[in-house]
Amino acid sequence: MKKKIVEKHEFIQFNEWISRMYPELHQSTTVKERIDGQLSVLTRSFTFQVTDKCNLACTYCYQINKSTRRMKLEDAKLAVDKLLSGEDGFHDYINPEKSPGIVLEFIGGEPFLEIELIDQIVDYFREQAIKLNHPWANRFCISICSNGVLYHDERVQKFLQKNNGVISFSVTVDGVQELHDKCRIFPDGRPSYYLAHGAALDWMSRGYYMGSKITMSPENITYVADSLEQMIKDGYADINANFVYEDGWEPKHATECYKQIKQFTDKTLMDFDMNDYAISFLTLNGDPMPCTDNKNWCGGTGDMLSMDPDGYLYPCIRYMESSLGNNIKPLRIGNIHTGLMLKPDEKKCIDCMNAVTRRSQSTDECWYCPVAKGCGWCSGYNYQTFGTVNKRTVFTCIMHKARSLATAYYINKHIASGDKGIPMNIYLPEDEAVAIIGKEWYNELVALTEAVGGQVNKTGKHQAFIDKVESNEFKDVVFFDLDNEQEAKEIANKEKELLHKATANEVTKSEKEAQAKLDKLKEARKKLM
């Protein structure tokens, strides 16, 4: 009989809360919009980089060019004014019609180094939104991720208690102490685990939700199993983990990744039901993706408007000089004093970003990858690496493939132990899987998968195409090889036909719905005459 280590309480993300509370405001994307790469976002965010100073020196931090700059309160207030009024181009980016709710995000460096400034900004937003009777007055969320060093500061505690009803707060704890202190250290080399871990436990002990994030890098991948186990014991119900996107991953790290998840699964199998925990790393990945799903995975092409300490505006924080360094030009789209996307080059930048889709930035190998689902990338890092957002970095490719195999082991093993769930199929061909986990582990995984009703790609082919609109059935997947010209040509034709059919069906459906409404109106008019 399995036991539950902690009773899970549902935490609803702000975007989901807005969707539930105001269903009339939620507009789903059509098939054509998804093909064009458009995404329905109910809540957009505005990020204040209140400082680029930090009190830690984490080894994997993407902010490679930190300084000691501090945002001026006057600039922050001006940003609030323009967000609420829509002046100087802000309405075109964000407004209550397009974004019924708003997320005010505060980052650094370390944001709590400027806690008094953050407090003043939030107070000013509340006051102005209420004064204007603005829809965002009761539809906003504060988002802060901290390293936990200043958590017990009296000013920080006062701010957290004052805003606990509208704040999404997390402290970065990279699992067990050994993993955390390998990367998250002070400038003089001192560890920070005891501060971060203590902060997280204190917040959760008060009954508040604590977000989590384990950042996996080549130097700490051997600690993943122990870290996941520790976070479950600590009381986390939602555990987020991701690979760093930067170069450095090797096949040995992919093998170790699978080994770690296998070890974690085997050791904790009877401790908890997988449905009581949301481990992002072990969900929603490992399937091929339909050609109708063409949206950019990353929101860093315009959905994450940010302002740096000097008042410059960016599509995302990753385009700031604190992230890019001195050798790459920051990608600015305005200034809080002159406006947002008003200059021709600024507008052109966003127009180009809006044109970026999953297809436009993917090679054929990525587009037709049999385990494409869940494979992520950072558009800002793409720009940093290639000088364009429209080309994906693929440094994590082998790690994502290892993740897909590890997820299949985790899910299917739990199902075999009695947990409810849908068996995960194995879409990766045998030769690629064996190269990562070896023949013995592969045979074990195949036997496990088939025992719980899952299916396995035994064609030996390396690409996949879903032959039906909106289908996620194994039987609708066509496996092929790109280096087989005949097969590749056939798939290209199938894709064109499917995309045409998908949009045509939607147009027909819309026409029928419009005609039905017209018929109802005609009938109503007859009754009135």
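For the structure, check the block above.
About the criteria used
By convention here, each chain's residues receive numbers from 1 onward along its written sequence. Note on the predicted model: pLDDT of at least 70 is required for a residue's local features to be given, and 80 or more for side-chain atom pairs to be given and counted; whole-chain, interface and lining totals, by contrast, use all residues. To get the side-chain values, all heavy atoms of the structure are used, and hydrogens and water are removed first. Helix numbering and strand numbering both begin at the N terminus, where a helix is a DSSP run of H or I of at least 4 residues and a strand a DSSP run of E of at least 2. Burial status follows relative accessibility: with a 1.4 Å probe on protein chains alone, a residue under 20% of its type maximum counts as buried, one over 50% as exposed, and anything between as partly exposed. Residue contacts are defined here by distance: any two heavy atoms, one from each residue, within 4.5 Å place the two residues in contact. Among buried residues, those of type Ala, Val, Leu, Ile, Met, Phe, Trp, Tyr and Cys that are joined through side-chain atoms within 4.5 Å constitute a nonpolar core. Take a side-chain nitrogen of Lys or Arg and a carboxyl oxygen of Asp or Glu: if they are within 4 Å of each other, that pair is a salt bridge. Between rings of Phe, Tyr and Trp, where Trp is taken as its six-membered ring, a pair exists when centres lie within 6.5 Å; planes separated by under 30 degrees are stacked, by over 60 edge-to-face, and by other angles tilted. Placement of a positive charge over a ring is assigned whenever Lys NZ or Arg CZ falls within 6 Å of the ring centre and within 35 degrees of the normal to the ring plane. Only the stretch in contact is used when fitting a helix axis, every axis being a line fitted to C-alpha atoms; angles between N-to-C directions are given from 0 to 180 degrees. Working definition: roughly parallel below 35 degrees, roughly antiparallel above 145 degrees, roughly perpendicular at 65 to 115 degrees, and oblique for all remaining angles. Left-handed describes a crossing in which the near helix is turned anticlockwise from the far one by less than a right angle; the clockwise case is right-handed. All residues other than Ala, Val, Leu, Ile, Met, Phe, Trp, Tyr, Cys, Pro, Asp, Glu, Lys and Arg, Gly among them, are scored as polar; the first ten of these are nonpolar and the last four charged. One requirement defines pairing of two strands: DSSP has to find at least two bridges between them. For crossovers, right-handed means that the path from the first strand over the helix to the second runs clockwise, given strands pointing away from the viewer. To estimate how far a helix should reach, multiply one less than its number of residues by 1.5 Å.

A. Structural view of the overall build of the chain. A count of helices and strands for the chain gives 17 helices and 14 strands. Here the chain holds 529 residues, and 52% of them are scored as buried. Taking as baseline every contact in the chain between residues at least 6 positions apart, the subset at least 24 positions apart corresponds to 74%.

B. Geometry of the nonpolar core. One finds Phe48, Phe106, Phe169 and Ile279 to be the most contacted residues of the largest nonpolar core, which totals 123 residues. Ranked by residues supplied to this core, first place goes to helix H15 (residues 397-416) with 9 residues. Residues in contact with Phe106, not counting those within four places in the same chain, are Phe48, Val50, Pro111, Ile118, Ile121, Val122, Ile142, Ser143, Ile144 and Cys145. Ranked by size, the runner-up nonpolar core spans 7 residues in total, among them Cys291, Tyr368, Phe465 and Phe480.

C. Representation of the pattern of salt bridges in the model. For the structure on display, the rule yields 29 salt bridges. For Lys262, the salt bridge goes to Asp266, with nearest N and O atoms at 3.4 Å. In this pair, Lys262 and Asp266 are both assigned in helix H10 (residues 251-268), 4 residues apart and thus about one turn of the helix distant. The class of Lys262 is buried, set by a relative accessible area of 12%. Here Glu430 and Lys439 are joined by a salt bridge, their closest N and O atoms 2.3 Å apart. With a relative accessible area of 32%, Glu430 lands in the partly exposed category. Through salt bridges with shared partners, a single network forms among Asp52, Arg69, Asp308, Asp310, Glu321 and Arg332.

D. Expanded view of the packing of aromatic side chains. In this structure the tally under the stated criterion is 21 aromatic pairs. Ring centres of Phe112 and Phe169 lie 5.8 Å apart, and the angle between their planes is 40 degrees; on these two criteria the pair is classed as tilted. In this pair, Phe112 sits in the loop between strand S2 (101-107) and helix H5 (115-131) while Phe169 sits in strand S4 (residues 167-171), placing the two residues 57 residues apart along the sequence. Summarising the burial analysis for this pair, Phe112 and Phe169 share the class buried. Here Phe264 and Phe272 contribute two aromatic rings whose centre-to-centre distance is 6.2 Å and whose plane-to-plane angle is 35 degrees, an arrangement assigned as tilted. Comparing Phe264 with Phe272 shows no difference in burial state: the two are buried. A connected cluster of aromatic rings, assembled from ring pairs, spans Phe112, Tyr151, Phe169, Trp203 and Tyr208. Geometry around Phe186 places Arg190 over its ring, the cationic atom sitting 4.2 Å from the centre.

E. Examining the packing of helix H3 (residues 73-85) against H5 more closely. Where H3 contacts H5, the axes come no closer than 10 Å and their chain directions differ by 30 degrees. Between H3 and H5, the crossing angle belongs to the class labelled roughly parallel. Here H3 runs over H5; the crossing is right-handed. Residue-level inspection shows Leu73, Ala76, Lys77, Val80, Asp81 and Leu84 of H3 in contact with H5, the latter providing Leu117, Gln120, Ile121, Tyr124, Phe125, Gln128 and Ala129. Of the residues that constitute the contact of H3 with H5, the class distribution is 9 nonpolar, 2 polar and 2 charged.

F. Structural context of unusual backbone geometry. The omega torsion of the bond from Gly108 to Gly109 falls at 20 degrees, within 30 degrees of zero and hence cis. Relative to the elements of secondary structure, Gly109 occurs in the loop between S2 and H5.

G. Broad picture of the environment of Asn472. Turning to its location among the elements, Asn472 is positioned in the loop between strand S13 (463-466) and strand S14 (477-480). Taking C-alpha positions, Asn472 is 8.3 Å from Asp287, a pair spaced 185 residues apart along the chain.

H. Molecular detail of the pairing of S4. For S4, the tally of buried residues reaches 4 of 5 residues, placing the bulk of the element in the interior. Relative to S4, strand S3 (residues 140-146) runs parallel, the two being bridged by 5 bridges. Within S4, the position partnered with Ile142 by the bridge is Ile167. Handedness of the S3-helix H6 (residues 154-162)-S4 crossover: right-handed.

I. The arrangement of the sheet that holds strand S1 (residues 43-49) in detail. Spatially, S4-S3-S2-S1-S9-S10-S11-S12 is the arrangement adopted by the 8 strands of the open sheet, whose pairing is mixed. Every other strand in the sheet has two partners, leaving S4 and strand S12 (339-340) as the edge strands with one partner each. As judged from the 7 bridges shared by S1 and S2, these two strands associate in the parallel manner. Each bridged residue has a counterpart across the sheet, and for Gln49 the counterpart in S2 is Ile107.

J. Region of the structure containing helix H9 (residues 224-234). Counting buried residues along H9, 8 of its 11 residues qualify, which places the element largely inside the surrounding structure. Looking at H9, one finds that the buried residues are Val224, Ala225, Ser227, Leu228, Glu229, Met231, Ile232 and Asp234. For H9, the elements touching its buried residues are helix H7 (177-183), helix H8 (193-205), strand S5 (214-216), strand S6 (238-239), H10 and strand S8 (278-279). Phi for Gly235, located one or two positions after H9, is positive at around 110 degrees.

K. Representation of H5 within the structure. Taking 1.5 Å of rise per residue, 17 residues should cover 24 Å, and H5 covers 24 Å from first to last C-alpha, within 8% of that figure. Those residues of H5 not exposed but buried are Ile115, Leu117, Ile118, Ile121, Val122, Tyr124, Phe125, Gln128 and Ala129. Check the buried side of H5 and you find it contacts S1, H3, S2, S3 and H6.

That is the geometry; function is a separate question.
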